[in-house]
Amino acid sequence: ELNATRELNKKGFIRGSGAVAGVVLEGHLSQVCENHKIKVIKKNPAINDFNQPLKNNDVIEVKDWRFIQRLADLRNLCDHKKKKEPTKEDIEELINGVEKITKTIF
């Protein structure tokens, strides 16, 4: 899926690319919570609904928590109409960050 997001971003589908990258991150963080038997109560949890319990349960360090918060902010630029439009560079940062998280946090 991350390869698809790179291709979408390259072809100018910036919002769509960021949205898909965010879904990949949510799915991964959900799996990490499951792996560590951390219950997420919210019915439709978002990135930060996984991120905070992972930090609170010492699965991730503060630096990783902050990094994931940054990725969530970039994803939100794509999913919500804001004053600032996401750029290709923003989405490259998001995709690279998601790739890093999926390879380093289990």
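Residues numbered from 1 in each chain as written. Predicted model: local features only at pLDDT ≥ 70, side-chain atom pairs only at ≥ 80, totals over all residues. Heavy atoms only, no water.

A. Expanded view of the packing of aromatic side chains. All chains considered together, the criterion is met by zero aromatic pairs. The aromatic ring of Trp65 is capped on one face by Lys55, whose charged end is 4.6 Å from the ring centroid. The ring of Phe67 carries Lys100 above its face, with NZ or CZ at 4.7 Å from the centroid. (Phe/Tyr/Trp six-rings, centres within 6.5 Å; stacked < 30°, edge-to-face > 60°. Lys NZ or Arg CZ within 6 Å of the ring centre and 35° of its normal.)

B. Fine view of unusual backbone geometry. Even without glycine at this site, Lys37 takes up a positive phi of about 55°. Secondary-structure assignment places Lys37 in the loop between α2 (14-35) and α3 (47-56). Residue classification places Lys37 among the exposed residues on the basis of a relative accessible area of 73%. At Asp58, a residue that is not glycine, the phi angle is positive and equals roughly 60°. As for its position among the elements, Asp58 is in the loop between α3 and α4 (62-79). The exposure class assigned to Asp58 is exposed, which follows from its relative accessible area of 70%. (Helix = DSSP H or I, 4+ residues; strand = E, 2+ residues; numbered from the N terminus. Buried < 20%, exposed > 50% of the residue type's maximum accessible area, 1.4 Å probe, protein only.)

C. Examining the pattern of salt bridges more closely. Applying the stated criterion across every chain yields a total of twelve salt bridges. Two residues, Lys42 and Asp49, come together in a salt bridge whose shortest N-O distance is 3.3 Å. For Asp49, a relative accessible area of 23% corresponds to the partly exposed category. Across the pair Glu99 and Lys103 runs a salt bridge whose closest N-O atoms are separated by 3.8 Å. Taken together, the positions of Glu99 and Lys103, both in helix α5 (residues 88-104) and four residues apart, correspond to about one turn of that helix. A network of salt bridges, in which partner residues are shared, links Arg6, Glu99 and Lys103. (Salt bridge = Lys/Arg side-chain N within 4 Å of Asp/Glu carboxyl O.)

D. Layout of the environment of Phe106. As for its placement among the helices and strands, Phe106 is situated in the segment after α5. Given the relative accessible area of 57%, Phe106 is considered exposed. C-alpha separation for the pair Phe106 and Leu29, spaced 77 residues apart in sequence, amounts to 8.4 Å.

E. Fine view of the nonpolar core. Ranked by internal contacts, the top residues of the largest apolar core, which has 26 residues, are Leu25, Leu29, Leu54, Ile68, Leu94, Val98 and Ile101. Contributing elements (two or more residues each) for this core: α2, α3, α4 and α5. Not counting the four nearest positions on each side in its chain, Ile101 is found in contact with Leu25, His28, Leu29, Phe67, Ile68 and Leu71. (Core = buried A, V, L, I, M, F, W, Y, C linked by side-chain atoms within 4.5 Å. Contact = heavy atoms within 4.5 Å.)

Purely geometric stuff here, so don't read any function into it on its own.
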